Amino acid sequence: MASIVIDRVRKSYADVAVLHDVDLTIDDGEFIVLVGPSGCGKSTLLRMIAGLDDVTEGEIRIAGRPVGHLSPKDRDIAMVFQSYALYPHMSVRDNMSYGLKLRRTPKEKIASAVSGAARTLGLDALLDRRPKALSGGQRQRVAMGRATVRSPKAFLFDEPLSNLDARLREQMRSEIKRLHGQLKATSVYVTHDQIEAMTLADRIVALQGGRVQQVGTPLELYHTPANLFVAGFMGSPGMNFLSATYLAEGDGKAVMLPDGTRLALAGRPPLATGTRVTIGVRPEHVAIASGGDGLAVTVDLVEPTGLGFILHLRLHDLPFKIFRQGDTSGVDRPQVRVVLPAARLHLFDGDGRRVALA
Amino acid sequence: MTASARRLKGGLRAAALSLYLAFALFPLFWLLKVSVTPNILLYSEGIRMWPSRMTLDHYAYVLTHSQFPVFFRNSSIVAGGTAVCVTLLAALAGYAMSRFRFRGKAVIVVLMLITQMFPLAMLVAPIFRMMASVGLTNNLLGLVVVYTAFNVPFATFLMQSFFDGIPKDLEEAAMIDGATRFVAFRHIVLPLTLPGIAATLGFVFTAAWSELLFALMLISDNQVSTFPVGLLTFVSKFSVDFGQMMAAAVMALVPAGFFFLLIQRYLVQGLTAGAVKG
Amino acid sequence: MTASLLAHGGPRKPPLRLFQRVEPYLYTAPSLVLIVALILVPLALGVSYAFQDVQLLDPLSGGYVGLDHFRDMAGDKAFRGALANTLWWTAASVVLQFLLGLVLALLLDKPFRGRGLVQALVFLPWAVPSFLVGLNWAWLFNPVVGPIPGWLTALGLMSAPTNILSDPALAMWGPIAANVWGGIPFFAITLLAALQSIPRDLYDAAAIDGASALQRFWSITVPFLAPTVVTTVLLRTIWIANFADLIVVMTNGGPADHTQILSSYIFTVAFKQLDFGYASAVALVLLALLSLYTLSILMLRRLVLKDHR
């Protein structure tokens, strides 16, 4: 077990920078998820922690010790790959014991470690098979087993579930969470899937364009996204955005939509009147008005999800979504009226940064 | 497609393949035919498909009264030694070309291409002088060294394509598991490249087994001649005894052909894996 | 001072980094040393011979003669004949090997019963040493001991069974036939490999879109094969232009130099006349021509590829 410190780390290939000044402290036993769209630099960061890629500038410390000069084998970490990277010519048992053998662990210790991990992961019956004879889910388990037998200082996961079907992904997700609960090992998990990030993470690191956008607990990112990127990336279906103008007159708690409609805010932002802003509201927070209040919107499409439904609307001819639980009765008409609750509105300034309401 | 059209297509394919088979195998059949034709029938039944009387005398003579067994042994040593050396060197170089990005890589590619570009006759005199100065003429080791140099470029290219077919993840997993890159190469990559190694071994073996030009130039002593040179001595020393020569040729073809039959499948696989994509 | 240096990840050079930087060269060095020592150094020597008087058995030879060899070449009829023959020999061999190899690869691309065996057998000529190929085909073309002249006569292609190798007009076809026989497997193997790397879904998608077999060949197979074809034809052309064994064994350049190509001419000058200086000069000309050819093909390829993007 160990903490991992990423200290002003920069990475560039030739002249192209892929990571800019990343600072991050991962506490001992913490489960950190690096999330972002493809190409945001999250995998590169993970590979630099592993020692598979060089750090261009800055320093990474594992358990307080700078590891820049250490090769992967000397960092005492384990990694689960997206492709699983199981050794095709070795049995499951040999796959799992390979790392211990390289470390010249005594035979009895290897045997007990492997059988222990196999029991936890339900692999007992598969130990003598080759990876080729395993299903996708089983391979995934072997990859996990290979990582756990060594009790390394930290676990690194590189999109480990993205090759599984939806059902298995859900199942493995909860298993990883349970396993982390048992082992309490420092973990860094890379994914582009925000549900995985929300469900697994102690803290999420949202990355875009090689820069950290926000670090925080899943609920912090969900409730108080630091900028438009995080707001749009976290949550499904994604947040709705409307451009608006801030009105400081009166109580200073209102914005005006392009068509002149006024929307109430929950507090006062530190802005001058007339400032162009973006209003964000999550689809699950939009209310459908029963009477004559709210904004009139055109229904474009209804997508039932079983649990509820997603309404695709046009608001000022821009796409706008609502998620509601229950059945679609009451919305099966061409027009509905919606209410945007003041307490649920997010306000972003012209640079896309969150504006706090007082 | 109707059943009859499909049958017609199948028939055409079978006919075309039969023609190819006949074209590929007939000259080899003729070699065999001459080698079992008694000397007195060699010309009188020269164009018959099979002699009226068959004999194995040529084979017996070649095995007992000629130096063919010596040539055969020499060729085995040279071809085997070359195949092992080349495969070892090409595996290392091909791995570097497949896995590393480094300064000078393009230069290496160009150097290796250059080696394929000119008539070998141009090199014979300089190489003879160099080998003579270090005492490696009339020496099987000298042949191995020269053959190794000339076969390394293509073999490197071939091995690189096999390595390209093996996911990088596997080595990275091994390196995280505690292996150095070289250990990962030995434990993980090499075992998975065995078909490629077999293909390279077989390819180089066949090439070295057949080489004539350098063997002629660097070897003058019969005791260290390889079989292509030895075959030519049938032309000069035995007043062109074609029957014996063909018998020797058939026997010499067997190992090369055997190796080739074993590896040709992997050769196709190896080229599929990577080389042809670029 | 020290602390701030460390905090900035200072300019340290730990041994591991150094090793990582050196590692690729450790892997390539053994091959490179061998190639430089036994191919590139001799090549440089060979090039220098082109400007020297090097007669192997003449102790008085030696010394630089400048461009004399190249001046001699301008008036050398045999050289000019060999130049024309080289074009002919190379073009005919490459085209026939390629076309027949392509058809064979297409035939072998679809699975059928016994494919493994058929493939192994049709590729077998690759394993036959080139001088043996030459001897064998010379034998096949001989009207007394070989069947081909008889067949050609029976087909009406020849008035009487004679040896085409001694007919100045036809002799070149002998080595070309032998070369095609030995070279089909090379093209078939590389093209088969390329064919098998084409994703099968593409054919299914095209078939569903209503493309006929011929249309599928033109719109999928041809573009996918194109890069392989360019590379293999390029390599093979160079190789065949340099390939003298068959001609030396089958006709020795005859009759009356009608099958003499540059590489066999180099061979003759070097080993029969033992004039290595002149041989090297001719080889240098051949090398220059092949380099020119390579460059133009590579430029053409770049142009074509640019159009595709």
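Predicted, not measured: the structure shown is a model, and the values here were computed from it.

**Considerations on the overall build of chain C**
So, point 1. Regarding its fold elements, chain C presents 13 helices and zero strands.
So, point 2. When the helices and strands of chain C are read in sequence order from the N terminus, they spell out α-α-α-α-α-α-α-α-α-α-α-α-α.
So, point 3. Its C-alpha atoms give chain C a radius of gyration of 26 Å, more than 25% over the compact-globule value 19 Å for 309 residues.
So, point 4. The principal-axis extents of the C-alpha atoms in chain C amount to approximately 95 × 75 × 35 Å.
So, point 5. In chain C, which comprises 309 residues, the proportion classed as buried is 47%.

**What about the packing of helix H8 (residues 173–196) of chain C against helix H10 (residues 213–241) of chain C?**
Residue and element names in this part refer to chain C.
So, point 1. Orientation of H8 relative to H10, taken along the N-to-C sense of each, is 145 degrees, at an axis distance of 10 Å. Crossing handedness for the pair H8 and H10: right-handed. Side by side, H8 and H10 meet where Asn179, Gly183, Phe186, Phe187, Thr190, Leu191, Ala194 and Leu195 of the first sit next to Thr221, Leu225, Thr228, Val229, Thr232, Val233, Arg236 and Ile240 of the second.
So, point 2. Each residue belonging to the contact of H8 with H10 can be placed in one class, and the counts come to nine nonpolar, six polar and one charged.

**Considering the pattern of salt bridges**
So, point 1. On inspection of all chains with the given rule, the structure shows 20 salt bridges over all chains.
So, point 2. A salt bridge links Asp21 of chain A to Arg10 of chain A; its shortest N-O distance comes to 3.2 Å. With Asp21 of chain A in strand S2 (residues 16–26) and Arg10 of chain A in strand S1 (residues 4–13), the pair connects residues that are eleven residues apart, well separated along the chain.
So, point 3. Note on Arg10 of chain A: relative accessible area 35%, which makes it partly exposed.
So, point 4. Note that Arg99 of chain B is salt-bridged to Glu171 of chain B, the shortest N-O span being 2.7 Å. Of the two residues, Arg99 of chain B sits in helix H3 (residues 68–99) while Glu171 of chain B sits in helix H7 (residues 168–177), which places them 72 residues apart along the sequence. Of the two residues, Arg99 of chain B and Glu171 of chain B, neither departs from the other in class, the shared state being buried.

**Some remarks on the domain arrangement of chain C**
So, point 1. Segmentation of chain C into domains returns domain 1 (15–49) and domain 2 (76–308).
So, point 2. Between the C-alpha centres of domain 1 of chain C and domain 2 of chain C there is a distance of 32 Å.

**Points about helix H8 (residues 181–192) of chain B**
So, point 1. With twelve residues, H8 of chain B should reach 16 Å at 1.5 Å per residue; the first-to-last C-alpha distance of 15 Å fits that figure.
So, point 2. Among the residues making up H8 of chain B, those that are buried are Val183, Ala184, Phe185, Ile188 and Val189 of chain B.
So, point 3. Those residues of H8 of chain B that are buried lie in contact with helix H2 (92–102) of chain A together with H3, helix H6 (140–164) and H7 of chain B.

**Digging into the sheet that holds strand S14 (residues 276–281) of chain A**
Residues and elements named next belong to chain A.
So, point 1. With antiparallel pairing, the five strands of this open sheet are ordered in space as S13-S12-S11-S14-S20. For this open sheet the edge positions go to strand S13 (262–264) and strand S20 (346–348), each flanked by a neighbour on one side alone. Averaged over all pairs of adjacent strands, the angle between their axes in this sheet comes to 45 degrees, without regard to strand direction.
So, point 2. Taken together, the three bridges between strand S11 (residues 240–247) and strand S12 (residues 254–256) define a ladder with antiparallel strand orientation. The residue bridging Tyr246 from the neighbouring strand is Val255, located in S12.

**Section: the confidence of the model for chain B**
One rule of thumb: low pLDDT means the predicted coordinates there are not for detailed reading.
So, point 1. Looking at chain B, pLDDT values average 86 and 94% of them are 70 or higher.
So, point 2. A low-confidence stretch, residues 274–278 of chain B (pLDDT under 50), is modelled with eleven contacts involving residues beyond four sequence positions or located in other chains.

**Points about the interface of chain B and chain C**
The parts lose accessible area when they come together, and the size of an interface is often stated as this lost area.
So, point 1. Contacts between chain B and chain C engage 84 residues on the former and 83 residues on the latter.
So, point 2. Across the chain B to chain C interface the summed buried area is about 7,500 Å²; carbon plus sulfur atoms make up 82%.
So, point 3. Interface area lost by chain B to chain C is led by Tyr20, Met117 and Met122 of chain B, which between them contribute 10%.
So, point 4. Summed over the shared surface of chain B and chain C, the number is eleven residue pairs in polar contact (both at pLDDT 80 or more).
So, point 5. For the side of chain B that touches chain C, the leading source of residues is helix H12 (residues 242–273) of chain B, giving 15 residues.
So, point 6. For the side of chain B that touches chain C, the class distribution of residues is 69 nonpolar, ten polar and five charged.

**Quick notes on a nonpolar patch on the surface**
So, point 1. Together, Leu32, Met49, Trp50, Met54 and Leu56 of chain B together with Trp151 of chain C make up an exposed nonpolar region whose accessible area comes to about 590 Å².
So, point 2. Tracing the backbone shows Leu56 of chain B in the loop between helix H1 (3–35) and helix H2 (57–65).
So, point 3. Residue class for Leu56 of chain B comes out exposed when judged on its relative accessible area of 55%.

**Quick look at the UniProt feature "transmembrane region" (unreviewed entry) in chain B**
So, point 1. Per the UniProt record, "transmembrane region" (unreviewed entry) is found at residues 12–32, 77–95, 107–128, 140–163, 184–209 and 242–263 of chain B.
So, point 2. With 100% helix and 0% strand, residues 77–95 of chain B has its two end C-alpha atoms placed 27 Å apart.

**With respect to the packing of helix H5 (residues 121–133) of chain B against H6 of chain B**
All names here are of chain B.
So, point 1. Axis separation between H5 and H6 bottoms out at 12 Å; the angle between their running directions is 135 degrees. Regarding the angle of H5 to H6, the classification is oblique. The crossing of H5 and H6 is right-handed. For the pair H5 and H6, the contacting residues are Leu123, Ile127 and Met131 in the first and Gly142, Val146 and Phe150 in the second.

**Focus: H8 of chain C**
For an α-helix the count is 3.6 residues per turn, leaving residues at separations of three or four pointing the same way.
Residues and elements named next belong to chain C.
So, point 1. A rise of 1.5 Å per residue sets the reference length of H8, with its 24 residues, at 34 Å; its end C-alpha atoms lie 33 Å apart and thus fit the reference within 8%.
So, point 2. At Gly183, H8 shows its largest kink, close to 35 degrees, and the proline Pro185 lies no more than four residues downstream.
So, point 3. Most of H8 sits inside the fold, with 20 of its 24 residues counted as buried.

**Re the environment of Leu123 of chain B**
Residues and elements named next belong to chain B.
So, point 1. Within the secondary structure, Leu123 is located in helix H5.
So, point 2. Exposure remark for Leu123: the relative accessible area of 0% places this residue in the buried category.
So, point 3. Residues Leu123 and Phe214, 91 residues apart in the sequence, show an inter-C-alpha distance of 9.6 Å.

**Section: unusual backbone geometry**
Residues and elements named next belong to chain A.
So, point 1. In the segment running from Ser236 into Pro237, the intervening peptide bond is cis, with an omega of -5 degrees.
So, point 2. Relative to the helices and strands, Pro237 is located in the loop between helix H8 (228–233) and S11.
So, point 3. Its identity as a non-glycine residue notwithstanding, Asp317 has a phi of 65 degrees, on the positive side.
So, point 4. Within the fold, Asp317 resides in the loop between strand S17 (308–315) and strand S18 (318–325).
So, point 5. Since its relative accessible area comes to 59%, Asp317 is described here as exposed.

**With respect to the sheet that holds strand S7 (residues 154–158) of chain A**
All names here are of chain A.
So, point 1. Taken in spatial order, the six strands of this open sheet run S6-S7-S8-S3-S9-S10, and their pairing is mixed. The sheet is open, and its two borders are formed by strand S6 (77–80) and strand S10 (211–216), each paired with just one other strand. Averaged over all pairs of adjacent strands, the angle between their axes in this sheet comes to 15 degrees, without regard to strand direction.
So, point 2. Bridge count for strand S3 (residues 31–35) against strand S8 (residues 186–191) is five bridges, and the pairing is parallel. When the sheet's bridge partners are listed, Ile32 is paired in S8 with Val188.

**Quick word on the environment of Lys105 of chain B**
All names here are of chain B.
So, point 1. Mapped onto the secondary structure, Lys105 falls in helix H4 (residues 105–114).
So, point 2. Relative accessible area serves as the criterion here: at 23%, Lys105 is assigned to the partly exposed category.
So, point 3. With 110 residues separating them along the chain, Lys105 and Ala215 place their C-alpha atoms 32 Å apart.

**Here we look at the packing of aromatic side chains**
So, point 1. As enumerated under the stated definition, the model contains 43 aromatic pairs over all chains in all.
So, point 2. For the ring pair Phe100 of chain B and Tyr27 of chain C, a centre distance of 5.5 Å and an interplane angle of 70 degrees mean the geometry is edge-to-face. Separated into two different chains, Phe100 of chain B in the loop between H3 and H4 and Tyr27 of chain C in helix H2 (residues 15–49) make up a pair that spans both. As far as the burial class goes, Phe100 of chain B and Tyr27 of chain C line up, both buried.
So, point 3. Relative to Phe185 of chain B, the ring of Phe182 of chain B has its centre 6.1 Å away and its plane inclined at 40 degrees; by these criteria the two rings are tilted. Remark: Phe185 of chain B and Phe182 of chain B occur in helix H8; sequence separation between them is three residues, near one turn of the helix.
So, point 4. Judged by relative accessible area, which is 40%, Phe182 of chain B ranks as partly exposed.

Rules of the game
- What you see as residue numbers is a count from 1 along each chain, following the sequence as written.
- Chains carry letters and ligands carry numbers; both start at the beginning, A for chains and 1 for ligands, and go up in the order they are written.
- In view of the model being predicted, local features appear only for residues whose pLDDT reaches at least 70, and side-chain atom pairs are presented and counted only at 80 or more, with totals across whole chains, interfaces and linings using the full set of residues.
- As a convention, hydrogens and water are excluded, and side-chain values are obtained from all of the structure's heavy atoms.
- The helix count covers DSSP runs of H or I at least four residues long, the strand count covers runs of E at least two residues long, and both are numbered beginning at the N terminus.
- Atoms counted for the radius of gyration: C-alpha only. Globule rule: 2.2 Å times the number of residues to the power 0.38.
- The classification of residues rests on relative accessible area computed with a 1.4 Å probe and restricted to protein chains. Under 20% of the type maximum is buried, over 50% is exposed, and intermediate values are partly exposed.
- Where helices are involved, their axes are fitted lines through C-alpha atoms of the stretch in contact, as for all axes, and angles between N-to-C directions lie from 0 to 180°.
- The sense of a crossing depends on the near helix, which, turned anticlockwise from the far helix by less than a right angle, makes the crossing left-handed and, turned clockwise, makes it right-handed.
- Here, residues are in contact when the closest pair of their heavy atoms is within 4.5 Å.
- Side-chain classes follow a simple rule in which Ala, Val, Leu, Ile, Met, Phe, Trp, Tyr, Cys and Pro form the nonpolar group, Asp, Glu, Lys and Arg form the charged group, and the remainder, Gly included, forms the polar group.
- Whenever a carboxyl oxygen of Asp or Glu lies within 4 Å of a side-chain nitrogen of Lys or Arg, that contact is scored as a salt bridge.
- Here the bounds of each domain stem from an automatic or database domain assignment.
- For a helix, the expected span equals 1.5 Å multiplied by the residue count minus one.
- Any two strands are treated as partners once DSSP identifies two or more bridges connecting them.
- How sure the predictor is of each residue is captured by pLDDT, a score from 0 to 100.
- Accessible area, probed at 1.4 Å, shrinks when two parts are joined; the buried area is that loss added up over both.
- Polar contact is defined as a pair of N or O atoms within 3.5 Å, subject to the rule that within protein one atom must be able to donate a hydrogen and the other to accept it, and that residues adjacent in sequence are counted only when both atoms are side-chain atoms.
- For patch detection, residues must exceed 30% relative accessible area and be free of salt bridges, and they are connected within 9 Å for like charges or within 5 Å for nonpolar side chains (Val, Leu, Ile, Met, Phe, Trp, Tyr).
- Each accessible area is a Shrake-Rupley result for a 1.4 Å probe, and residues are judged covered by the shown protein chains and nothing else.
- UniProt positions are given in the numbering used here, feature names are shortened, and annotations may be inferred rather than shown by experiment.
- Roughly parallel covers angles under 35 degrees, roughly antiparallel covers those over 145, roughly perpendicular covers 65 to 115, and oblique covers all other angles.
- Axes are fitted to the seven residues ending at a residue and to the seven starting at it; the angle between these axes is taken as the bend at that residue.
- Centre distance within 6.5 Å is the pairing criterion for rings of Phe, Tyr and Trp, where only the six-membered ring of Trp is used; planes under 30 degrees apart are then read as stacked, over 60 as edge-to-face, and the remainder as tilted.

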